[in-house]
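The chain contents come next:
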Amino acid sequence: MNPFFILFALITLISVLISGVLLLMRRKGGGRWRDREHIQPSLFSFFTTLYAFFIGFAIVTLWSAFLTAKTNVTREADSLMVVYRTAKHLPGSEPFRQALASYVKTVIDVEWGAMQKGAMSPEASRRFEDIWSRFYELVGDPNKSGELYGSLTEAGRHRSSRASTLQGNLYPPVWMILMFGLVSVIFGLYFINREPSLVSLIYEFMIIFLVLACLYFIFDIDTPFSGLITVKPEAFRIVYLKMLSLP
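Residues numbered from 1 in each chain as written. Predicted model: local features only at pLDDT ≥ 70, side-chain atom pairs only at ≥ 80, totals over all residues. Heavy atoms only, no water.

1. Some remarks on the overall build of the protein chain
Phase 1: When you go through the protein chain residue by residue, the secondary structure sums to eight helices and zero strands.
Phase 2: Moving toward the C terminus, one meets the helices and strands of the protein chain in the order α-α-α-α-α-α-α-α.
Phase 3: Relative to the globule expectation of 18 Å for 247 residues, the C-alpha radius of gyration of the protein chain, 26 Å, shows a markedly less compact shape.
Phase 4: C-alpha extents for the protein chain along the principal axes are approximately 90 × 35 × 25 Å.
Phase 5: When each of the 247 residues of the protein chain is scored for burial, the buried share is 40%.
Phase 6: In the protein chain, the proportion of contacts linking residues at least 24 apart, taken out of those at least 6 apart, comes to 82%.
Phase 7: In the structure as shown, the protein chain presents an accessible area of about 13,900 Å², 66% of it carried by carbon and sulfur atoms.
Phase 8: Of note, the protein chain has its 24 positive side-chain charges centred 6 Å away from the centre of its 19 negative side-chain charges. (Helix = DSSP H or I, 4+ residues; strand = E, 2+ residues; numbered from the N terminus. Rg over C-alpha atoms; globule rule 2.2 N^0.38 Å. Buried < 20%, exposed > 50% of the residue type's maximum accessible area, 1.4 Å probe, protein only. Contact = heavy atoms within 4.5 Å. Areas by Shrake-Rupley, 256 points an atom, 1.4 Å probe, with all protein chains shown as cover. Lys, Arg positive; Asp, Glu negative; His and termini not counted. Charge placed at Lys NZ, Arg CZ, Asp CG, Glu CD.)

Next comes the structure, spelled out in structure tokens:
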């Protein structure tokens, strides 16, 4: 079954439960809270606008970080492919190229699974260091050696970028604001909806559903390599197949 279907079914259920609890609390209160206006609509509108700003800020920031992570993965794989093609014409480069192919395969088979758990693979790190060791053993055209060094350095920089995005990209204070805002919105809905009707209750459910869906989306893309929405290792797979196809 599609995991997104399960996810949104769960969010729908939670939204219905929260809406139902608010309705039961209103009935249990016996209408005592309806005698006067506890929260001014203009104040509640200002608060929700401010909260929407923080939600939008988080989504834009994290989506930008997600796209950057995806771009860096492609650039890392492309840099390794450039290194492989350049080294192909250097004498005695077979061990070096084998180290490159082994590293790419380890990233696909081992490291991507480790990144989903929030850590880089020690085995992939060792294989990347082995690439550098093999590089210093090469003897050939100094110009091509310079190209190899530049491309390997770029690949290492993008690898470090992958590592830096594993633990999340949103500051903890923003998370506190988002969670506090959710509770505050529910609290405000309880008092602002003084004469609940079927239409207002449905709209209340829609608001809660939308806020919960946005918060989950923020939570999911906070870590680009874990969750339902993730950066895939397709660029590395393509590069690996190209490496195997070259004589």
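From this point on, the discussion continues.
2. Some points on the pattern of salt bridges
Phase 1: Inspection of every chain in the model, using the stated rule, returns nine salt bridges.
Phase 2: For E234, the salt bridge goes to R237, with nearest N and O atoms at 2.7 Å. You can see E234 and its partner R237 sitting in helix α8 (residues 234-245), three residues apart, about one turn around the helix.
Phase 3: If you follow the salt bridges from partner to partner, you end up with E76, E111, R159 and R162 in one network. (Salt bridge = Lys/Arg side-chain N within 4 Å of Asp/Glu carboxyl O.)

3. A few points about a nonpolar patch on the surface
Phase 1: Judged by side-chain polarity, L43, F46, L50, F53 and F57 come together as a nonpolar surface patch covering roughly 540 Å² of accessible area.
Phase 2: Among the structural elements, F46 can be located in helix α2 (residues 41-87). (Patch = residues over 30% accessible without salt bridge, like charges linked within 9 Å, V, L, I, M, F, W, Y side chains within 5 Å.)

4. Description of the packing of aromatic side chains
Phase 1: In this structure the tally under the stated criterion is 17 aromatic pairs.
Phase 2: Look at F205 and F209: their rings are 6.1 Å apart centre to centre, the planes differ by 40°, and that puts the pair in the tilted class. With F205 and F209 both in helix α7 (residues 198-221) and four residues apart, this pair spans about one turn of that helix.
Phase 3: Site record: aromatic cluster; members linked through ring pairs are F96, W132, F135, Y136 and Y149.
Phase 4: The residue whose ring lies beneath R97 is Y84, and the NZ or CZ to ring-centre distance is 5.7 Å. (Phe/Tyr/Trp six-rings, centres within 6.5 Å; stacked < 30°, edge-to-face > 60°. Lys NZ or Arg CZ within 6 Å of the ring centre and 35° of its normal.)

5. Focus: the nonpolar core
Phase 1: F96, L100, F236 and M243 are the most contacted members of the largest nonpolar core, which totals 38 residues.
Phase 2: Mapped onto this core, the elements with two or more residues apiece are α2, α3 (94-116), α4 (122-137), α5 (142-164) and α8.
Phase 3: Here the element with the most residues in this core is α3; it accounts for ten residues.
Phase 4: When sequence neighbours within four positions are dropped, the list of residues in contact with F96 reads V83, A87, I131, R134, F135, L138, L148 and L152.
Phase 5: Core analysis: the next-biggest nonpolar cluster, separate from the first, contains 27 residues, A58, I186, V211 and I218 among them. (Core = buried A, V, L, I, M, F, W, Y, C linked by side-chain atoms within 4.5 Å.)

6. Things to note about the packing of α3 against α8
Phase 1: Orientation of α3 relative to α8, taken along the N-to-C sense of each, is 145°, at an axis distance of 10 Å. The interaxial crossing formed by α3 with α8 has left-handed handedness. Along its contact with α3, which presents L100, A101, V104, K105, V107, I108 and W112, the element α8 presents F236, R237, Y240 and M243.
Phase 2: Across the contact of α3 with α8, the residue classes tally to nine nonpolar, no polar and two charged. (Axes fitted to C-alpha atoms, helices over the stretch in contact; angles between N-to-C directions. Left-handed = near helix turned anticlockwise from the far one by under 90°. Nonpolar A, V, L, I, M, F, W, Y, C, P; charged D, E, K, R; others polar.)

Interpretation note: all reported values are geometric properties and have no functional meaning in isolation.
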